[in-house]
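Reading the structure
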Amino acid sequence: MKRNLQIIIILFLIFTGILSACKAKPDVVEEIKVEDSAVVPDIVNISVPPYIPEKLIERLNEVDILSVSAFTDGLGGRLDVSSEDPAFEWVYVLAAPFSYIGSGVTSADLKAFWQGGYPPDFLIDKIFLDGSTNAVLEKLWGSASINNIVVVSSEDLLTKTWEAENSVAILQFNQLEPAWKVLPIDGESPIEKRFNSQEYVLTIPFSFLGNQVQRDLLKSILEENFIKPKYQPASNRSVDHLT
């Protein structure tokens, strides 16, 4: 009897083991990785300093997705004078009244005069410009000489320059009007069709600054809206003023 009981227990254990082995294995759930996709926000904030040209800000405001402000909340990028992958190349001109007897200048003499020097055979006594242009050039050339450089309002620029003897002005290309005579710098004149902007000292680069994600986003937005061809920065130089 005892032996029969042992046999029954052994058989029970064997049968239980077989049942356990036959149980269906649980389904293996594969981990599906979802790659993050770039999300373009409804509004992209961009801050600009007060000396950014008004016409350039108007170009930015043409893009509905951009919110342009003089202040930054730290969430967006900013636009400033910089040669690092420029989004804009803003062309300025050295211009004079038609009564001015001088011709072109070199960029070396122009910068020296800006900083307070008096290069030989330099016929200019004063350079007039508005506050925006003065601030932009100071970012590149340092502080302007108070003896050589005169800051006036953009509305008074033409009148003040014409009233002063042997004086010229620096203004944006888009501010040109028939009363101005454009003077070449290093032989380059932006009103000529064969103008080389890369060799012209008054081609001022403006770039988007911030982290790489912000910069790439802002650049792509502009490329989609009005930078054509895409590999060229937008400019204020217009064919309407070319000779």
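The structure presented is a predicted model; accordingly, all values stated were derived computationally and were not measured.

Turning next to helix α6 (residues 212-225). For α6, with 14 residues, the first-to-last C-alpha span of 20 Å sits near the 20 Å given by 1.5 Å per residue. Turning to α6, its buried residues are Gln-214, Arg-215, Leu-218, Lys-219, Ile-221 and Leu-222. Taken down its axis, α6 places every buried residue within 160 degrees of arc, on the same side. Structural note: α6 exposes Val-213 and Glu-224 on the side pointing more than 90 degrees away from its buried face. On the buried face of α6, the contacting elements are β1 (44-47), α2 (54-61), β2 (66-69), β3 (77-81), β4 (88-96) and β9 (203-209).

Moving on: the side chain of Ser-145. Following the sequence through the fold, Ser-145 ends up in the loop between α4 (131-141) and β6 (149-151). A distance of 3.3 Å separates a polar atom in the side chain of Ser-145 from the backbone nitrogen of Asn-148. Dropping the residues within four chain positions of it, Ser-145 is found in contact with Phe-113, Trp-114, Gln-115 and Gly-116.

It is worth spelling out the pairing of β9 at this point. Of all 7 residues in β9, 7 are buried; the element is thus mostly enclosed. Along β9, one buried face is formed by Thr-203, Pro-205, Ser-207 and Leu-209 and the opposite face, lined by Ile-204, Phe-206 and Phe-208, is buried too. Pairing geometry for β3 and β9, over 4 bridges, is antiparallel. By the bridge assignment for β9, Leu-79 is matched with Phe-208. Looking at chain direction, β4 and β9 are connected through 4 bridges and run antiparallel. Looking across to β9, one finds that Glu-89 is bridged to Pro-205.

Cut-off values and rules
Residues numbered from 1 in each chain as written. Predicted model: local features only at pLDDT ≥ 70, side-chain atom pairs only at ≥ 80, totals over all residues. Heavy atoms only, no water. Helix = DSSP H or I, 4+ residues; strand = E, 2+ residues; numbered from the N terminus. Expected span 1.5 Å × (residues − 1). Buried < 20%, exposed > 50% of the residue type's maximum accessible area, 1.4 Å probe, protein only. Arc of directions from axis to C-beta. Contact = heavy atoms within 4.5 Å. Polar contact = N/O pair within 3.5 Å; in protein donor to acceptor, adjacent residues only side chain to side chain. Pairing = 2+ DSSP bridges.

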